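Structural description and commentary
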Amino acid sequence: MRTPIIAGNWKMYKTVAEGRELVAGLLAGLGQVADREVVVCPPYTALYAIGEQVAGTPITLGAQEVFSESQGAFTGAVAPQMLRDVGCTYVIVGHSERRQIFGDTDATVNRKLRAALDFSLRPIMCVGESKPQRDSGQAEAIVTGQVRAGLVDVTATQLLNVVLAYEPIWAIGTGDTATAADAQAMHAAIRATLAELYGDAVAQTVRIQYGGSVKPDNVDELMSQTDIDGALVGGASLKADSFLRIIHFQ
Ligand code: PEP
């Protein structure tokens, strides 16, 4: 039985005060969420404050990015144990915006993922194809290739702490969601790849989130799919009412 995981990626939005207000709204409306995990991923500047606010609540803290080294002369970078230090449990790696804008490759994503695991952070590794790749029939090969490359030298025991997020690039921030059937097909292909790499029993335990314009009006159908175990939510996680509705999917 995989516990669904709903994570909000705030991207480059929210000051400390705005983040606190959002989390206060979430905590006010959250109620009982024992059967699902809820994560918020604020920008670095708000992590400490939000970490203090969510301590002892059902909300868990995540970061949006991490560097692969543990310390050193890496101006502007943040190390895994620094994220642990401010209360993070999760960290997103390989988001398509990091791959497209900041030059992350499968190899750097793999290094970041392994560094996160080495310091007891749980990575949420994003994979996803572009529109031209989907239109030319390469989506599954691209996505499963990203899964294999991202998990190089990751053991089965470590994999239990990894969450995968299938995020078709063309669906992120566009309002253009994958159909539930297309998303399910890709999630099944990802799980089959995990089964090839680690065996079926391990593959069945790994949570695979869907991300890409998840909204209150499409979350229930997406979450009803066999291999969709959660959502990674951008825009709709920035307002308490929409994120609460997503958290409370049926
Ligand atoms: C994301 O940032 O990972 C994302 C899925 O964004 P949105 O929900 O806005 O499409």
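Because the structure is a prediction, the values reported are computed rather than measured.

Looking only at helices and strands, one finds twelve helices and eight strands in the protein. Over its C-alpha trace the protein gives a radius of gyration of 17 Å, about what one expects of a compact globule, namely 18 Å for 250 residues. Along the first, second and third principal axes, the C-alpha set of the protein runs to 45 × 45 × 35 Å. Taken across its 250 residues, the protein has 53% of its residues classed as buried. Long-range pairs, those at least 24 residues apart, make up 72% of the contacts in the protein between residues at least 6 apart in sequence. Total accessible area computed for the protein in this model is approximately 10800 Å², and 52% of it derives from carbon and sulfur atoms. When the 20 basic and 27 acidic side-chain charges of the protein are each reduced to a single mean position, those positions are 2 Å apart.

This part covers the pattern of salt bridges. When charged atoms on two side chains of opposite charge get close, those side chains can pair. Going through the model one piece at a time under the given rule, you end up with 16 salt bridges. A salt bridge links arginine 36 to aspartate 35, with the nearest nitrogen and oxygen atoms 3.0 Å apart. Taking relative accessible area as the criterion, arginine 36 reaches 15% and is therefore assigned buried. With a relative accessible area of 46%, aspartate 35 lands in the partly exposed category. Where glutamate 65 meets lysine 112, a salt bridge forms, and the shortest distance between an N and an O atom there is 2.5 Å.

All right, on to helix α12 (residues 240-247) then. Buried within α12 are the following residues: Ser242, Phe243, Leu244, Ile246 and Ile247. The elements touched by buried residues of α12 are β1 (5-9), α1 (16-30), β2 (37-41), α11 (219-223) and β8 (230-233).

Turning to the sheet that holds β8, a few remarks are in order. The strand order β1-β2-β3-β4-β5-β6-β7-β8 describes a closed barrel built from eight strands, whose pairing is parallel. Direction aside, the axes of adjacent strands within the sheet are offset by 25 degrees on average. Bridge count for β1 against β2 is five bridges, and the pairing is parallel. Its bridge partner lying in β2, isoleucine 5 is registered against glutamate 37.

What follows deals with the site of the ligand. Around the ligand, 14 residues are found, and the nearest of them are Lys11, Glu167, Gly173, Ser213 and Gly234. Here an oxygen atom of the ligand sits 2.7 Å away from a polar atom, N or O, in the side chain of lysine 11. Considering the ligand on its own, with 290 Å² of exposed area, one finds that the protein chains cover 98% of that surface. When the residues that make up the shell around the ligand are grouped by side-chain class, the tally is four nonpolar, eight polar and two charged.

With that out of the way, let us pick up helix α5 (residues 106-118). An α-helix turns once per 3.6 residues; consequently, residues spaced three or four apart project the same way. In this model, α5 (13 residues) spans 18 Å end to end at C-alpha, consistent with the 18 Å of a helix rising 1.5 Å per residue. Looking at α5, one finds that the buried residues are Thr108, Val109, Asn110, Lys112, Leu113, Ala115, Ala116 and Leu117. Elements that come into contact with the buried residues of α5 comprise α3 (80-85), β4 (90-93), α4 (96-101), β5 (122-127), α7 (139-150) and α8 (156-159). Directly beyond the C-terminal end of α5, a positive phi value near 60 degrees is found at serine 120.

For lysine 11, which is not glycine, the phi torsion reads 50 degrees and is therefore positive. Summarising the element assignment, lysine 11 is placed in the loop between β1 and α1. Despite not being glycine, lysine 14 shows a phi value in the positive range, around 90 degrees. Relative to the assigned elements, lysine 14 resides in the loop between β1 and α1.

A word on the packing of aromatic side chains. One pass over the full model with this rule turns up two aromatic pairs. One cation-aromatic arrangement involves arginine 36 over phenylalanine 249; the distance from NZ or CZ to the ring centre is 4.1 Å. Its guanidinium or amino end placed over the ring of phenylalanine 102, arginine 98 lies 3.9 Å from that ring's centre, counting from NZ or CZ.

Orientation of α1 relative to helix α2 (residues 44-54), taken along the N-to-C sense of each, is 30 degrees, at an axis distance of 9 Å. As summarised for this structure, α1 and α2 are arranged roughly parallel, according to the angle between their axes. Read as a crossing pair, α1 and α2 show a hand that is right-handed. Contacts between α1 and α2 involve Val16, Gly19, Arg20, Val23, Ala24 and Leu27 on the former and, on the latter, Thr45, Ala46, Ala49, Ile50, Gln53 and Val54. In the contact of α1 with α2, the residues fall into eight nonpolar, three polar and one charged.

Rules behind the numbers
In this numbering scheme, every chain counts its residues from 1 along its sequence in written order. Per-residue local features are limited, in this predicted model, to residues with pLDDT of at least 70; the limit for side-chain atom pairs, both in listing and counting, is 80 or more; totals at the level of whole chains, interfaces and linings are taken over all residues. Hydrogens and water are ignored here; the side-chain numbers use all heavy atoms of the structure. Helical segments are the DSSP runs of H or I of at least four residues, strand segments are the runs of E of at least two, and each set is numbered from the N terminus. Radius of gyration means the value over C-alpha atoms here, while the globule rule gives 2.2 Å times the residue count to the 0.38 power. Residue exposure (1.4 Å probe, protein chains only): buried if accessible area is under 20% of the type maximum, exposed if over 50%, otherwise partly exposed. We call two residues in contact when some of their heavy atoms are within 4.5 Å. Computed with the Shrake-Rupley method and a 1.4 Å probe, the accessible areas treat only the protein chains shown as cover for residues. Think of it this way: Lys and Arg go in the positive column, Asp and Glu in the negative one, and His and the chain ends go nowhere. To locate a charge, take NZ of a lysine, CZ of an arginine, CG of an aspartate or CD of a glutamate. Any carboxyl oxygen of Asp or Glu within 4 Å of a side-chain nitrogen of Lys or Arg constitutes a salt bridge here. Strand pairing requires that DSSP identify at least two bridges connecting the strands. Lines fitted to the C-alpha atoms define the axes, with helices restricted to the stretch that makes contact. Angles between their N-to-C directions range from 0 to 180 degrees. If a single non-hydrogen atom of a residue is within 4 Å of a molecule or strand, that residue counts as near it. Pairs of N or O atoms are called polar contacts if they sit within 3.5 Å, as long as, within protein, a hydrogen donor faces a hydrogen acceptor (for residues adjacent in sequence, only side-chain-to-side-chain pairs). Each residue gets one label: Ala, Val, Leu, Ile, Met, Phe, Trp, Tyr, Cys and Pro are nonpolar, Asp, Glu, Lys and Arg are charged, and the others, such as Gly, are polar. To estimate how far a helix should reach, multiply one less than its number of residues by 1.5 Å. Only centres within 6.5 Å qualify two rings of Phe, Tyr or Trp (six-membered ring in Trp) as a pair; their planes then separate them into stacked at under 30 degrees, edge-to-face at over 60, and tilted for everything else. Sitting over a ring, as applied to charges here, requires NZ of Lys or CZ of Arg to be within 6 Å of the ring centre and within 35 degrees of the ring normal. Roughly parallel means an angle under 35 degrees; roughly antiparallel means over 145; roughly perpendicular covers 65 to 115; every other angle is labelled oblique. For any pair of crossing helices, the crossing counts as left-handed if the nearer helix is rotated counterclockwise from the farther one by less than a right angle, and right-handed if it is rotated clockwise.

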